[in-house]
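A structural walkthrough
Chain by chain, the residues run as shown.
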Amino acid sequence: LKLFGVITGGHTVIHWYQQLFPLILPTITDALGLSNVQVGVVSSARQMANSSLNLPVGAIADKFPRWRGGILATSLLIMGVAYLTLGTANLYSVVIVGALLTGLASAMWHPTALGTLSNTFPDRRATALSIHGMGATVLDTLTPLVFGALLAAYYWRTLLQVQIILGVVTALLL
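Anyway, here's the lowdown on the structure attached to this text. (Residues numbered from 1 in each chain as written. Predicted model: local features only at pLDDT ≥ 70, side-chain atom pairs only at ≥ 80, totals over all residues. Heavy atoms only, no water.)

Remarks on the environment of T27
As for its placement among the helices and strands, T27 is situated in helix α1 (residues 2-32). Along the primary structure T27 and W156 are separated by 129 residues, whereas in three dimensions their C-alpha atoms are 7.7 Å apart. (Helix = DSSP H or I, 4+ residues; strand = E, 2+ residues; numbered from the N terminus.)

Now the structure itself:
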């Protein structure tokens with residue numbers, strides 16, 4: 001039950017981070033004067049990292065099940081570092097690095113967490129995965145509201161930079 005709670009909690013954090021990206025991208029675009037093509041490259045870089053790394057990470061998580069906790073914790077740390085990077089970016093290339101890191105972190109989380117839950121709860125796999133997914137859905141719904149309000153009240157760079165704290169704390173809980 002503890003493992004289930006930590007993995008589901010971590011999933012909510014991953015989706016907090018995932019929903020930050022589309023919210024902050026217009027602000028980064030304005031601050032750095034990015035063109036529409038550059039914004040497209042940033043978004044594509046994020047998706048490319050995520051999609052191209054899902055299969056290799058899943059294979060690693062299956063081959064080395066003892067590494068799963070470390071992969072999950074590292075995913076959260078990388079996501080925190082990604083937003084710290086985005087919050088300090090003054091160059092387009094640094095924004096691309098931050099986008100790539102968010103894609104990498106997401107690719108590390110999902111196959112590893114789903115594999116762990118499937119192995120841990122083989123007789124209740126569908127229920128476990130459904131509850132795990134509910135955490136993501138809740139944060140997918142709340143993050144735009146909460147972070148949008150925070151963006152109205154605080155400087156965007158500071159908000160992104162403090163995201164490292166969430167990643168570190170959640171990784172430590174794992």
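What about the pattern of salt bridges?
Inspection of the entire model under this criterion finds one salt bridge. When the shortest N-O distance is used, the salt bridge between D62 and R68 registers 3.2 Å. The buried category is assigned to R68, whose relative accessible area is 8%. (Salt bridge = Lys/Arg side-chain N within 4 Å of Asp/Glu carboxyl O. Buried < 20%, exposed > 50% of the residue type's maximum accessible area, 1.4 Å probe, protein only.)

Things to note about the nonpolar core
Grouped together as the largest cluster of nonpolar side chains are 43 residues, with contacts concentrated most on I28, Y83 and L160. Among the elements that line this core, the one with the most residues is α1, at 11 residues. When near neighbours in sequence (up to four residues on either side) are disregarded, Y83 contacts Y17, L20, F21, T102, L160, Q161 and Q163. (Core = buried A, V, L, I, M, F, W, Y, C linked by side-chain atoms within 4.5 Å. Contact = heavy atoms within 4.5 Å.)

Considering the packing of aromatic side chains
This structure, assessed with the given rule, holds five aromatic pairs. Taking the centre distance of 4.2 Å and the plane angle of 15° together, the rings of F64 and W67 count as stacked. W67 sits in the partly exposed class, given a relative accessible area of 48%. Seen in terms of ring centroids, Y155 and W156 are 6.2 Å apart; in terms of plane orientation they differ by 55°. Their pairing is tilted. (Phe/Tyr/Trp six-rings, centres within 6.5 Å; stacked < 30°, edge-to-face > 60°.)

Focus on the environment of L151
Along the chain, L151 falls in helix α5 (residues 125-153). Sequence-distant contacts of L151, that is, excluding residues within four places in its chain, are made with L23, I24, W156 and L159.

All quantities given are derived from atomic positions and should not be read as evidence of function.
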